[in-house]
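The primary structure of each chain is shown beneath.
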Amino acid sequence: RRAEPSRKSAEGRGSTMRGAAASHRRRGPAAAVWIPILACVLHICPVSVVRAFDAGIAVDTTGAIDDEDVAVDMAVPDSVAAKPDTYAYTFAAMPTDGDHHIAWFEPKAVAPKVHHMLLFGCEGAVSPGLHTRSGGMFSPGGGEPRGSVCENSRSEPFIFGWGKNAPPLTLPDRVGFEVGGDRGFKHLVLEVHYLDPQRSDANETSGLTVHLRRGRPNRAMSVVAFAQGFVLPPGKARVSVRNGCTYTMARPLTAFAFRVHAHALGVEVYAERLTGGRWPKDEDEAREGQGRTTTPGDNSGESFPAVRLMGRDPQLAQLFERIDESGLTIHPGDKIRVTCVYDTRNRTEATRAGWGHGDEMCNLYLMVHAEEPAYLSCTGSQTHGDVRMAIQHSPDSESASAKAPDESESLTAHLVDAPSADKRWPKSLGQVAGIVAEPDGRHAWAFHRGKRLWDGDSFDPSTHKMKDLESPIAENTIARIELASGKIVKSFGANEHYMPHAITLGPDGDVWVTDCGLHQVIRYNASDGARVAEYGKKLTPGKGKDGFCKPTQVAVAEDNSFWVSDGYCNDRVARFDSRGEYVGEFKPGEGDSTTGFEVPHAIELDSRDSTLYVADRERSRITAHSLDGSMIREYDLSPHGLVYGLSVLRSEELGLSGLYALTWRRDAGGDVGVVWIPTDAGRPSRGNSKRHQRVAWSLSPAVTTPHAISAFGGVAGGTDGWGRGVNALVSETRPAPGDVNLHRIWIGVDANRHGDEGSKDGAEGLKVVPPRGWVEGARSYVDEAALPGSEKATAPTMVATKGKRDASSTETLEETLDAARDDDDDDDDDDDDDDDD
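Residues numbered from 1 in each chain as written. Predicted model: local features only at pLDDT ≥ 70, side-chain atom pairs only at ≥ 80, totals over all residues. Heavy atoms only, no water.

Q: Honestly, empty space enclosed by the protein in this entry has me stumped. Any pointers?
A: Sizing a probe to match a water molecule and rolling it over the atoms shows the empty space that remains. What the rule picks out here adds up to seven cavities of 30 Å³ or more. The calculated volume of the largest cavity comes to roughly 100 Å³. Lining the largest cavity are 11 residues; nearest its centre among them are Trp425, Pro426, Asp739, Val740 and Asn741. Partitioning the lining of the largest cavity into residue classes produces six nonpolar, one polar and four charged. (1 Å grid on protein atoms, 1.4 Å probe; cavity = no way out; pocket = protein on both sides within 12 Å on 5 of 7 lines; lining within 4 Å. Points joined across faces, edges and corners; volume = space filled by probe spheres on them. Nonpolar A, V, L, I, M, F, W, Y, C, P; charged D, E, K, R; others polar.)

Q: Hey, could you run me through the sheet that holds strand β39 (residues 572–576) in this one?
A: Strands pair in a sheet through their backbones, by hydrogen bonds, and they do so in one of two ways: parallel or antiparallel. Read across the sheet, four strands follow the order β37-β38-β39-β40 without closing on themselves; strand pairing throughout is antiparallel. Two strands lie at the open edges of the sheet, namely β37 (551–556) and β40 (582–586), each paired on one side alone. Ignoring which end each strand starts from, the neighbouring axes of this sheet average 20 degrees apart. Summarising the sheet, strand β38 (residues 562–566) and β39 pair through five bridges and their orientation is antiparallel. Residue pairing across strands places serine 565 opposite valine 573, the latter belonging to β39. (Pairing = 2+ DSSP bridges. Helix = DSSP H or I, 4+ residues; strand = E, 2+ residues; numbered from the N terminus. Axes fitted to C-alpha atoms, helices over the stretch in contact; angles between N-to-C directions.)

Q: Would you explain the state of the cysteines in this entry?
A: Note on terminology: a disulfide is the covalent bond linking the sulfur atoms of two cysteines. Counted by the stated rule, this structure contains four disulfides. Bridging cysteine 245 to cysteine 378, the disulfide has an S-S length of 2.2 Å. The S-S bond linking cysteine 245 to cysteine 378 shows a torsion near 90 degrees; that makes this disulfide right-handed. With cysteine 245 in strand β17 (residues 239–246) and cysteine 378 in strand β26 (residues 375–378), the pair connects residues that are 133 residues apart, well separated along the chain. Here cysteine 245 and cysteine 378 have matching classes, each one buried. Each sulfur in the disulfide pair cysteine 340 and cysteine 362 lies 2.0 Å from the other. As the torsion about the S-S bond is roughly 85 degrees, the cysteine 340-cysteine 362 disulfide counts as right-handed. Separated by 22 residues along the polypeptide, cysteine 340 in strand β23 (residues 335–342) and cysteine 362 in the loop between β24 (351–352) and β25 (363–370) bring together distant segments of the chain. Taken as a pair, cysteine 340 and cysteine 362 share a single burial class, namely buried. (Disulfide = S-S within 2.5 Å. Buried < 20%, exposed > 50% of the residue type's maximum accessible area, 1.4 Å probe, protein only.)

Q: Can you walk me through the side chain of threonine 246 in this structure?
A: Among the secondary structure elements, threonine 246 is positioned in strand β17. Of the polar contacts made by the side chain of threonine 246, one reaches the backbone oxygen of glycine 385; its length is 2.5 Å. With residues up to four places along the chain from it excluded, the contact list for threonine 246 reads Gly333, Asp334, Lys335, Gly385, Asp386, Val387, Arg388, Met389 and Arg608. (Polar contact = N/O pair within 3.5 Å; in protein donor to acceptor, adjacent residues only side chain to side chain. Contact = heavy atoms within 4.5 Å.)

Q: How should the pattern of salt bridges be read in this particular structure?
A: Pairing between side chains of opposite charge can happen when the charged atoms of each approach one another. Evaluation of the coordinates by the stated rule reveals 40 salt bridges. Between aspartate 508 and arginine 523 there is a salt bridge, and its shortest N-O distance comes to 3.0 Å. Separated by 15 residues along the polypeptide, aspartate 508 in the loop between β33 (500–505) and β34 (511–515) and arginine 523 in strand β35 (residues 520–524) bring together distant segments of the chain. Classification of arginine 523 as buried rests on a relative accessible area of 12%. A salt bridge links arginine 617 to glutamate 618; the nearest nitrogen and oxygen atoms lie 2.6 Å apart. Across this residue pair, the class does not change: arginine 617 and glutamate 618 are buried. (Salt bridge = Lys/Arg side-chain N within 4 Å of Asp/Glu carboxyl O.)

Okay, structure coming up:
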């Protein structure tokens, strides 16, 4: 049955929706409870109304104004719990008169009478078979399984949970769970779990009041739910259960709060981010026999400790503990591991995961928000984190599960002009040596040379030192650019750098740069531009543990350990631990002049499969290595030229993840291109050779002097309306002051949908639309569509170019260093490396 709604009565800043027998107190009993109870007292309802699926609630928001709460009381009568381990349910239909969002939760239950409450969302109707169950549901020999919460759906997006007298939870302003209207959940379902039977004449209720606000939130809240099945051995002081998964959607998730859940044996539940994607071998795992499978080059004996993110004693109030002040963000490619610790010394038999009195659970719920909702679940592996998080509900679900295009060469590449009046990126940018986009695609960081140019007279070829050691670059060399407006919103680094080369963002958002003139790696705080650390001796070339010689780029792991491609003189990759201590170095071929590095120009870490990729520029290849440097495979790109830049797209949305290489046929016509190399990233190839077939796009004549590339997902940063594709930022080091040194590239299936093939206006409509909540009045400064081919554009414009598939590019995971290579070293550039940046 469904309670008939009444008109709301406004009390203070909120309003509460009640049934016909509702109290006028703002926090009184729920209509969903009193109406069926009153009906039964009047002998007009069957007993099953109380003991089965309880009456639902229809919400009336007539007359509500934007800043008012609309309270939806969801509760069940305690008398429904006639047996141990009873699970009772009620539901509420969400408003149909426009978008709403949940602003806060108000529990109205008491432990230990109520063990827990869970709130779920349904995109459509509630399952008609959902009714009160008793006996522990999934416990061996227990009660009846619950079945689906939502009709015609196996997914059950989790919204909120309560246990052990947890307090109310208020969400940040304009951040909330979307309900009602065309986009939000149509129904909410509340589950109430009673451990013990309650009196049949009990007149109390238990439940939850959900407070709604009118309108869509600026940021959509969701929950990532971790759960694992297991069997615990008896008589152990410490038993750990682990569960790991990889996040591969495009939009970064900002963490707000977390909740843990275990039963009587639980001691601690905590979450970690895996360093370099490596599942650590720790003492607990060794003692408990939870081994892990090794792969070639796995260096499993080395320590890669996970980074602890959060944790809580499950015997405390099971609230959603806020963590938003920590600034925790889950990025594409992150591997998250949850560990539950138990004490089984008081058990003489094995304990299984289940829903009953004597069972155990291992749950962690992470409340996150993003531009669009992403309800996810992880029921992954206890020995690795390669399993992808499963999507329970998201408008991006279809694109997130997309496979690589069957005819990927049909993707077209377009130059997208800057969204400024003259279609140029900031004129103050000099030679842009390094470029990196923030994971959400809203901003990018450029490391540029101001008025300084790198030419054949910059360095002494005998000492590798700069000839002008007295004059650092006077301009700010590090700039944060808002991609929707083309404006520089932050800059620093004046009088600190001599010859900027590359820029990288660490897991905490810190800015890492390499300076070939300083021969140093420097780490900055992104907020205030303060130096956090520096590595190498200032203005002094070095080698081994004593420094660098013109280092080119740094790759930073989740614990801030890092690898440096030490590029123009040492031809090596140097490794440092999280304290900045030198660990060692590696070179392919161990000094063999035919297989070693020759200017390792860029380096990237892909934590999805714990792989380092190095752009070996002068050998026209990309090499793949395990974290200890062991060679896994190489990708020969000699048909496309020298490999200058490299970017790993870790988002697997749209089926376009993998390596994006920036190439230049420097001595053969000067053609510049982008090459996409799909990778398996920790998943078996299943014999599908197409996954490794490369596709290339020409960027000429728009790009003439390439240096770096940064790729980010096609649904990030306000470009989700562009269709299926990838964003890429490409930097240049042109020799003339004032030249264009930054470009935005769009490579997409639908980029040419508005124009004829090859036409200048083929990417019409490629306009960055800032997501909700980005900036106040965002549309006021994004008035101009970013149109390639604009008559007013001062930047060179590239005609849309279709991709070309490499006929000989099919490679499998089994290909390694002993694959034949046809490189002709005589054709390499004869100029001294010091003359070429």
